Amino acid sequence: MALILIAIALILLWVVSLCKIFYSSSPKAAFFSEGEAVRKRNILLVVAHPDDESMFFSPTILYLTSQGNNVHILCMSTGNADGKGDTRKEELYQACASLKVGPEQVKILDHPDLQDGFNHIWSQSLLAEIIKKEIASQAIDLLITFDCYGVSRHQNHRDVHLGILMLLRETTKKYRSLGACKCEHAT
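Everything quoted here is computed from the prediction, not taken from an experiment.

## Re the pairing of strand 3 (residues 42-47)
For strand 3, the buried fraction is high: 6 of the 6 residues fall into the buried class. With 6 bridges connecting them, strand 3 and strand 4 (residues 70-75) associate as parallel partners. Opposite Val46, over in strand 4, you have Leu74 as the bridge partner. As paired elements, strand 3 and strand 6 (residues 142-144) share 3 bridges and run parallel to each other. Residue Ile43 lies in a different strand from strand 6, and its bridge partner there is Leu142.

Spelled out as structure tokens, the structure:
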């Protein structure tokens, strides 16, 4: 009986904690930092496949949307390596809805040169060009993507990272002062 009461208390504590997280951070059009208004940001999360947003970025997405930011998701493939691309696309839209990202803010590509697969190497210049166009069309001021290892070492994840690095090198000289990623050429 005592075990059941402890389990119920833990579950109740967990539910209350979740409620506090979701409801205490109400979206705001602007918030203040040192007396100055800070506008909502247009943020672009670039992922390789449907499910990457949930597996690797869901806490980040939830935080950013709770702060009133406009989060856009650019998915570079349908994730069709196993022939389930249409199913995975639908699952991405469903996941984004639960992450407070509307379908109009989600773009899923099905480019012939960006097909899902551990052995498919994606062109960094193609990725850079696609991402550059998305940044311009959505007035993006913050990019988020994988680390240089692609989180899970998946080749497509690493290619997305390298494509963004290429874009940064092409568009800003500030990158050189930041230093190169130590694992940029990791295999």
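## Regarding helix 6 (residues 155-171)
Here helix 6 is 17 residues long and its end C-alpha atoms lie 24 Å apart, about the 24 Å a rise of 1.5 Å per residue gives. Of all the residues in helix 6, the buried ones are Gln155, Asn156, His157, Arg158, Asp159, Val160, His161, Leu162, Gly163, Ile164, Leu165 and Leu167.

## A short note on the environment of Leu114
One can find Leu114 in the loop between strand 5 (106-108) and helix 4 (124-138). Linking Leu114 and Met76, residues 38 residues apart in sequence, is a C-alpha distance of 6.8 Å. Once you skip the residues sitting within four places of it in the chain, Leu114 turns out to touch Met76, Ser77, Trp122, Leu126, Leu127 and Ile130.

## Description of the side chain of Asp116
Take Asp116: it is sitting in the loop between strand 5 and helix 4. You can call Asp116 buried: its relative accessible area is 10%. At 3.0 Å, the side chain of Asp116 and the side chain of His49 are in polar contact. If we ignore the near neighbours within four places in the chain, the residues touching Asp116 are His49, Ser77, Gly79, Asn80, Ala81, Arg88, Trp122, His154 and Asn156.

## Digging into the packing of helix 2 (residues 52-66) against helix 3 (residues 85-98)
Two quantities define a packed helix pair, namely the angle between the helix axes and the distance between the axes. With their axes 11 Å apart at the nearest point, helix 2 and helix 3 run at an angle of 25° to one another. In terms of orientation, helix 2 lies roughly parallel with respect to helix 3. Between helix 2 and helix 3 lies a crossing of right-handed hand. Contacts from Glu53, Ser54 and Leu62 in helix 2 reach Leu92, Ala95, Cys96 and Ser98 in helix 3. In terms of residue class, the contact of helix 2 with helix 3 is built from 4 nonpolar, 2 polar and 1 charged.

What counts, and where the lines are drawn
Residues numbered from 1 in each chain as written. Predicted model: local features only at pLDDT ≥ 70, side-chain atom pairs only at ≥ 80, totals over all residues. Heavy atoms only, no water. Buried < 20%, exposed > 50% of the residue type's maximum accessible area, 1.4 Å probe, protein only. Helix = DSSP H or I, 4+ residues; strand = E, 2+ residues; numbered from the N terminus. Pairing = 2+ DSSP bridges. Expected span 1.5 Å × (residues − 1). Contact = heavy atoms within 4.5 Å. Polar contact = N/O pair within 3.5 Å; in protein donor to acceptor, adjacent residues only side chain to side chain. Axes fitted to C-alpha atoms, helices over the stretch in contact; angles between N-to-C directions. Parallel < 35°, antiparallel > 145°, perpendicular 65-115°, else oblique. Left-handed = near helix turned anticlockwise from the far one by under 90°. Nonpolar A, V, L, I, M, F, W, Y, C, P; charged D, E, K, R; others polar.

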